[in-house]
Amino acid sequence: MRTDWTRAEIAALFDLPFTELVFRAAEVHRAHHAPDEVQLCTLLSIKTGGCAEDCGYCSQSVHADSGVKATKLMAVQEVLQRAAQAKDAGSQRFCMGAAWRNPKDRDMPAIVEIVKGVRAMGLETCMTLGMLKPHQAEMLADAGLDYYNHNIDSSPEYYERAISTRTMADRLDTLGHVRAAGINVCSGGIVGMGETREDRVGFVHTLATLPQHPESVPINALVPVKGTVLGDMLADTPLAKIDDIEFVRTVAVARITMPLSMVRLSAGRESMSEATQALCFLAGANSIFTGDKLLTAPNAGDDSDGAMFAKLGLKAMRGEEPMRACGAAEAAE
Ligand code: SAM
Ligand code: DTB
Ligand code: SF4
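Note that the structure is a prediction, hence the values are computed from the model and not measured. (Residues numbered from 1 in each chain as written. Chains lettered and ligands numbered in written order. Predicted model: local features only at pLDDT ≥ 70, side-chain atom pairs only at ≥ 80, totals over all residues. Heavy atoms only, no water.)

Points about the packing of aromatic side chains
Rule in force here: When the centres of two rings from Phe, Tyr and Trp lie within 6.5 Å, Trp using its six-membered ring, the rings pair. Their planes under 30 degrees apart give stacked, over 60 give edge-to-face, and anything left gives tilted. In this description a helix means any DSSP run of H or I spanning at least four residues, a strand means any run of E spanning at least two, and both kinds are numbered starting from the N terminus. Working definition: with a 1.4 Å probe on protein chains only, accessible area under 20% of the residue-type maximum means buried, over 50% means exposed, and in between means partly exposed. Placement of a positive charge over a ring is assigned whenever Lys NZ or Arg CZ falls within 6 Å of the ring centre and within 35 degrees of the normal to the ring plane.
This structure, assessed with the given rule, holds one aromatic pair. Plain terms: the ring middles of Phe-281 and Phe-309 are 6.4 Å apart, the flat faces sit at 80° to each other, and that makes the pair edge-to-face. One end of the pair, Phe-281, is in helix α11 (residues 274–282); the other, Phe-309, is in helix α12 (residues 302–312), and 28 residues separate them in sequence. Each of the two residues, Phe-281 as well as Phe-309, counts as buried. Above the plane of the ring of Tyr-147 lies Arg-93, whose end atom (NZ or CZ) is 3.5 Å from the centre.

Topic: the site of ligand 1
In plain terms, the rule: Only a single heavy atom is needed: when it lies within 4 Å of a molecule or strand, its residue is near that molecule or strand. Surface exposure here means Shrake-Rupley accessible area, sampled with a 1.4 Å probe, where a residue is shielded only by the protein chains that are shown. Under the scheme applied here, ten amino acids are nonpolar (Ala, Val, Leu, Ile, Met, Phe, Trp, Tyr, Cys and Pro), four are charged (Asp, Glu, Lys and Arg), and all others, including Gly, are polar.
Taken together, 16 residues surround ligand 1, and among them Thr-128, Asn-151, Asp-153, Arg-171 and Val-223 come closest. Taking 560 Å² as the accessible area of ligand 1 by itself, protein coverage stands at 89%. Among the residues forming the shell around ligand 1, the class breakdown is nine nonpolar, five polar and two charged.

Focus on the packing of helix α1 (residues 7–15) against helix α8 (residues 197–208)
Put simply, the rule is: For every element, the axis is a line fit to its C-alpha atoms; helices are fit only across the contacting stretch, and the angle between N-to-C directions ranges from 0 to 180 degrees. What sets the label is the angle itself: under 35 degrees gives roughly parallel, over 145 gives roughly antiparallel, 65 to 115 gives roughly perpendicular, and the rest give oblique. The crossing is said to be left-handed when, going from far helix to near helix, the turn is anticlockwise and less than a right angle, and right-handed when the turn is clockwise. Whether two residues touch is decided by their heavy atoms; if any such pair falls within 4.5 Å, the residues are in contact.
At a closest axis distance of 9 Å, the pairing of α1 and α8 adopts a crossing angle of 120°. Taken as axis vectors, α1 and α8 run oblique relative to one another. As α1 runs across α8, the sense of the crossing is right-handed. For the pair α1 and α8, contact is made by Arg-7, Ile-10, Ala-11, Phe-14 and Asp-15 and by Arg-197, Glu-198, Arg-200, Val-201, Gly-202, Val-204 and His-205, respectively. Its residues assigned to classes, the contact of α1 with α8 shows five nonpolar, two polar and five charged.

Side note on α12
To be explicit about the condition: What the arc covers is the set of directions going from the helix axis to the C-beta atoms.
Of the positions making up α12, those classed as buried are Asp-305, Met-308 and Phe-309. The arc that holds every buried residue of α12, seen down its axis, measures 100°, which confines them to one face. Exposed side chains of α12 directed beyond 90 degrees from the buried face belong to Asp-303, Ala-310 and Lys-311. Looking at the buried positions of α12, the neighbouring elements they touch are β1 (37–47), α11, β9 (287–290) and β10 (315–316). Among the residues trailing α12, Gly-313 stands out with phi positive, at a value near 70°.

As for the environment of Ile-46
Along the chain, the position of Ile-46 falls in strand β1. For the pair formed by Ile-46 and Val-79, sequence separation is 33 residues and the distance between their alpha carbons is 7.2 Å. In this structure, Ile-46 is in contact with Lys-72, Leu-73, Met-74, Val-79, Met-96, Gly-97, Ala-98, Ile-111 and Met-127, ignoring residues within four places of it in sequence.

Take a look at the structure:
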């Protein structure tokens, strides 16, 4: 798969007439994935709030005045109970998030126990715990962690405007440690933070030119939370909200430039119409978060998703992802 995309090529994709862009993305999607299958992932916040980082979009930062209460790391048994419920509801992957700048070594034994327990239930496991040291990535790999989520979130230029307590280079270092440990990479970002089209080009360019594309690419639309820098800014300038068509364009360009990746329609789906979501699925999105809660923000919910899937003729992906099969075939060539 190409990892030498130029910014000009990606900008040219964004500039295509909308129907042409979506058509091309749908062609790429069909060449590598079953177009009627959508992967279902369930999120659980295993440690909420009180995070030292100052990400301008996040309700869980100590720098935000969002009213989110900080909690301790959830007990292993409680996490396993929630994972069992997710499995019963048809989820394929269980994604666990902790509001940490980075995990401390003393947290790792409990995290390892959680990964082993969730995996033993036959669910794919994903963790997002902040920055990792190489030895922590190794510990997660040894525990059998399938995916690590660590988003680059925006273009390198816009990143510095949204976050000051760490750099894009820190982010890329952690992604390198995750790859080196042999864990699948989940990395994407947020659109609708007031960034420009050029920033969205830079965002997709950064992901599509990584030495290996992330296996999962979550695309979040900013959920504006009162008390966060970006949530408040958006409340003052409602026109800054991402346009639905521009959101679909971002999904389509991600699909074209990273053909084998699972592209996840992530946060922000709750306030998206079914028509916009349908366009995203046509343009190559093939994964969602299920349930009525993300980490702290509301999500669409299983009832409305069930109705939407029935209306659109979509079904839940089961078992081995087609992407992996394609990856295996490619490696064998
Ligand atoms: N602390 C870890 C980290 O930052 O990697 C893990 C949790 S963090 C909440 C995971 C991701 O959620 C962020 O990288 C960001 O893309 C997304 N996110 C956080 N707040 C959001 C919001 N209000 N709207 C949309 N996406 C959001
Ligand atoms: C990702 O890209 N989106 C998820 C997951 N990775 C961890 C998180 C979305 C968080 C939305 C805001 C909230 O719930 O606080
Ligand atoms: Fe902390 Fe992650 Fe929220 Fe940033 S996005 S404040 S690192 S929990």
